[in-house]
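Working through the structure, step by step
The primary structure of each chain is shown beneath.
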Amino acid sequence: MFDGYDSCSEDTSSSSSSEESEEEVAPLPSNLPIIKNNGQVYTYPDGKSGMATCEMCGMVGVRDAFYSKTKRFCSVSCSRSYSSNSKKASILARLQVTGKPPTKKAKVLQKQPLVAKLAAYAQYQATLQNQAKTKAGNSAVSVEGFSWGNYINSNSFIAAPVACFKHAPMGTCWGDISENVRIEVPNTDCSLPTKVFWIAGIIKLAGYNALLRYEGFENDSSLDFWCNICGSDIHPVGWCAASGKPLVPPRTVQHKYTNWKAFLVKRLTGAKTLPPDFSQKVSESMQYPFKPCMRVEVVDKRHLCRTRVAVVESVIGGRLRLVYEESEDRTDDFWCHMHSPLIHHIGWSRSIGHRFKRSDITKKQDGHFDTPPHLFAKVKEVDQSGEWFKEGMKLEAIDPLNLSTICVATIRKVLADGFLMIGIDGSEAADGSDWFCYHATSPSIFPVGFCEINMIELTPPRGYTKLPFKWFDYLRETGSIAAPVKLFNKDVPNHGFRVGMKLEAVDLMEPRLICVATVTRIIHRLLRIHFDGWEEEYDQWVDCESPDLYPVGWCQLTGYQLQPPASQSSRESQSASSKQKKKAKSQQYKGHKKKRKMPVGKKPVSLSSLPMTGGVRRSFSGDEELTPPPYRTLPAQTALEAFPPPSTSREFRPSLKTVTTSQLKEELLDGEDYSFLQGASDQESNGSATFYIKQEP
């Protein structure tokens, strides 16, 4: 194991030589200070009048600071040189006007102002660095260069374990990787010309990322560093010996021991390390069966009630960029995970009776082929022969266009294989184009009374005035019945999430974006995801097994772009912009509007939500009159366009009276035998159970 240890000492001596560069200096910023020969500092007035150019040396500066009445020279020296040697002045003139290469004399003449400019530039860079340090001190996270390690260290956060994400790389084979595990990593505290390695121990884990400390530093954390455990340079102890790589102790602690081999034997006896095939497992878990040019059926983001044919454009970490087949410029796209319930094999819509938009393209394009059906996520088989969902039944459902809310909903159509078309009461389009397809086992639909019993705010139908909302009054007024409780999904896996855990989550209202997020509430298998730096109104309800949740470090591992937390100034700016838009559109749209989260650096493309009015179609596509920008403009930061959030009633709180719950059991369950969790809290709700409604005291 330790044969790879190399006790060679590092050659710390080095020699370097530098020559004065004669290259031209790039133009300096307009607000760059100019240091004059007499020590005074003047600044450019940033494009304003009052500038002057020295006729001798060519220096630009404030006119009032120039020498003589005519302000032709920057100093007495330049004035005298010009008078005594007009030939030198002509050299400079020829250089500036004709652009001919400077002669040796010209370079000598430019030497003094060049030094001054370099000094000014150094001062300018120092000022920028000081400003950056000040900004970093005020905020733990900067918009650019976000670091999970710094973010977690500075706030003592914890991250969700990789084992919580079964769909993510290594999610099912993470094993017992934990603190104190030893690994071999590159030694960065070394001046050798070749890459060498040393052994480090895991101090803290945060998803795929680990805080490491080199062996020999003991309690010294000065050189601790974060790295991704699944990176290509991370190996189990013994890899260097097997590969013939040298183990070289860090330069900082090299003097502490004379026999490093004996030190390692003592430190590593009984210690854990990575499995020998760890890197192979990482590689295998990042192989994805979906390939570009595969054809699938996916939800139409402009008409939620139907599907369209789309083609896989690219695959990143299991996430698919799908381009609708009729998109000529290939910008009409949709992002989702390969295990998403929104995508299906070709022919799925016809097989279950789902609406489908026929493509204008009658023939497959060259190279495109249908995705094999076995690659798609399987849904649980259900028996529809007995008591089953019926059209008109009421339930509660997560609004697919406003994922922070659970709303009063109605079953509008029963399809084959257990699929249902759901409509949000009071917000449906006249033609039903915003009905959404949920499977009967979907964790996004709930029985009547779920929100009340679990103390979640239920969003009543738009225009419903009898608040607080009561299900029994509403069912009586509408002449409806509630869907039987026994038909809903009752499985609650032992998912491992805890309140406060950090993760990377897809903004499902803009699904090409993955953001820094936090679990803020757990209701059995339902997670409340908060996007760091944003208000609670942008939170989203997500299932614990959703393929749109990822461990910390997933974006770094797969090369996906992570959206950092929004800064306070950005939030205030966006909030002000949102208020102005709400006021401007108040005359055009009545009633509450669906909200859209627009974080810093996020360009709205095709997945925003429409204001909701009686006859206005809701969709993922945003304003139909707007042309979505091309996908490649993602990094740009512009003034963001967003619709205002919905006017949900913040003062509304569901009634928790025992009589109401008793009526629920008497009228809705009507003699059916169910077991309930006894007062399970958010923290206690993580585990298997027969159902996830808490019994009232």
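Residues numbered from 1 in each chain as written. Predicted model: local features only at pLDDT ≥ 70, side-chain atom pairs only at ≥ 80, totals over all residues. Heavy atoms only, no water.

**Structural notes on the overall build of the protein chain**
Along the backbone of the protein chain there are 13 helices and 29 strands. Within the protein chain, the proportion of its 697 residues that are buried is 48%. Within the protein chain, contacts between residues at least 6 apart in sequence are counted, and of these 63% link residues at least 24 apart. Total accessible area on the protein chain is roughly 34300 Å²; 50% of this is exposed by carbon and sulfur atoms. (Helix = DSSP H or I, 4+ residues; strand = E, 2+ residues; numbered from the N terminus. Buried < 20%, exposed > 50% of the residue type's maximum accessible area, 1.4 Å probe, protein only. Contact = heavy atoms within 4.5 Å. Areas by Shrake-Rupley, 256 points an atom, 1.4 Å probe, with all protein chains shown as cover.)

**Focus on the pattern of salt bridges**
Under the criterion given, the structure shown has 30 salt bridges. In this structure, the salt-bridge partner of Asp189 is Arg251, at a minimum N-O distance of 4.0 Å. Here Asp189 is found in the loop between β6 (182-186) and β7 (197-206), whereas its partner Arg251 is found in the loop between α5 (239-243) and α6 (260-268), with 62 residues between them in sequence. The shortest N-O distance in the salt bridge between Glu325 and Arg295 comes to 2.9 Å. Of the two residues, Glu325 sits in the loop between β13 (319-324) and β14 (333-337) while Arg295 sits in strand β11 (residues 294-300), which places them 30 residues apart along the sequence. (Salt bridge = Lys/Arg side-chain N within 4 Å of Asp/Glu carboxyl O.)

**Section: the pairing of strand β8 (residues 209-214)**
Most of β8 sits inside the fold, with six of its six residues counted as buried. Side chains Asn209, Leu211 and Arg213 project from β8 onto one buried face, and the interleaved Ala210, Leu212 and Tyr214 project onto a second face that is buried too. Across six bridges, β7 lies against β8 in antiparallel orientation. What sits directly across from Leu205, in β8, is Ala210. Between β7 and the antiparallel strand that follows it, β8, lie two residues; Gly207 among them carries a positive phi value of about 65°. (Pairing = 2+ DSSP bridges.)

**A few points about unusual backbone geometry**
The omega torsion across Leu467 and Pro468 is 0°, close enough to zero to call that bond cis. Note that Pro468 resides in the loop between β23 (458-459) and α10 (471-478). Its identity as a non-glycine residue notwithstanding, Asn180 has a phi of 75°, on the positive side. As for its position among the elements, Asn180 is in the loop between β5 (158-159) and β6. Judged by relative accessible area, which is 54%, Asn180 ranks as exposed. We note that His524 has phi near 60°; this positive angle belongs to a residue other than glycine.

**Regarding the confidence of the model for the protein chain**
As a note on interpretation, predicted positions should not be read in detail where pLDDT is low. Within the protein chain, residue pLDDT values average 74, and 62% of them lie at 70 or more. When mean pLDDT is taken per element in the protein chain, strand β28 (residues 549-550) scores highest with 98 and strand β1 (residues 33-35) scores lowest with 33. For the stretch residues 87-115, pLDDT sits under 50, and the model shows 27 contacts to residues farther than four places along the chain or on other chains. Residue range residues 578-617 is modelled with pLDDT below 50. Its contacts to residues more than four positions away, or to other chains, number 143 contacts. (pLDDT = per-residue confidence, 0-100.)

**Re the sheet that holds β6**
Read from one edge to the other, the open sheet built from five strands follows the order β9-β8-β7-β6-β10, with strand pairing classed as antiparallel. Single-partner strands in this sheet number two, and they are β9 (225-228) and β10 (235-236). Sheet topology places β6 next to β7; five bridges connect them, and they run antiparallel. Among the inter-strand pairings, Pro186 is bridged to a residue of β7, identified as Phe197. The strands touched by helix α4 (residues 148-155) within the sheet are β7, β8 and β9, with β9 carrying the most contacts at an inclination of about 130°. The strands that α6 touches are β6 and β7; relative to β7, the one it contacts most, it runs at about 30°. (Axes fitted to C-alpha atoms, helices over the stretch in contact; angles between N-to-C directions.)

**Describing the environment of Glu326**
Tracing the sequence through the fold places Glu326 in the loop between β13 and β14. Once the C-alpha coordinates of Glu326 and Arg308 are considered, the two residues, 18 residues apart in sequence, prove to be 9.4 Å apart.

**Comments concerning the environment of Glu179**
In this fold, Glu179 is placed in the loop between β5 and β6. By relative accessible area, Glu179 is classed as partly exposed at 45%. With 23 residues separating them in the primary sequence, Glu179 and Ile202 have C-alpha atoms 5.0 Å apart.

**Regarding the environment of Asp539**
Checked against the element boundaries, Asp539 lands in the loop between β26 (526-531) and β27 (540-543). Once the C-alpha coordinates of Asp539 and Arg528 are considered, the two residues, 11 residues apart in sequence, prove to be 6.7 Å apart. A polar side-chain atom of Asp539 sits 2.7 Å from a polar atom in the side chain of His530. (Polar contact = N/O pair within 3.5 Å; in protein donor to acceptor, adjacent residues only side chain to side chain.)

**So, the packing of aromatic side chains**
One pass over the structure, following the stated rule, counts 29 aromatic pairs. On the numbers, 6.0 Å between centres and 75° between planes, the contact of Trp174 with Tyr208 is edge-to-face. Of this pair, Trp174 sits in the loop between β5 and β6 while Tyr208 sits in the loop between β7 and β8, and the two are 34 residues apart along the sequence. Feature note: the residues Phe146, Trp148, Tyr151 and Phe157 constitute an aromatic cluster, connected by ring pairs. Positioned above the aromatic ring of Tyr324, the side-chain terminus of Arg308 is 4.1 Å from the ring centre. Note that Lys502 overlies the ring of Phe157, its terminal NZ or CZ placed 4.0 Å from the centroid. (Phe/Tyr/Trp six-rings, centres within 6.5 Å; stacked < 30°, edge-to-face > 60°. Lys NZ or Arg CZ within 6 Å of the ring centre and 35° of its normal.)

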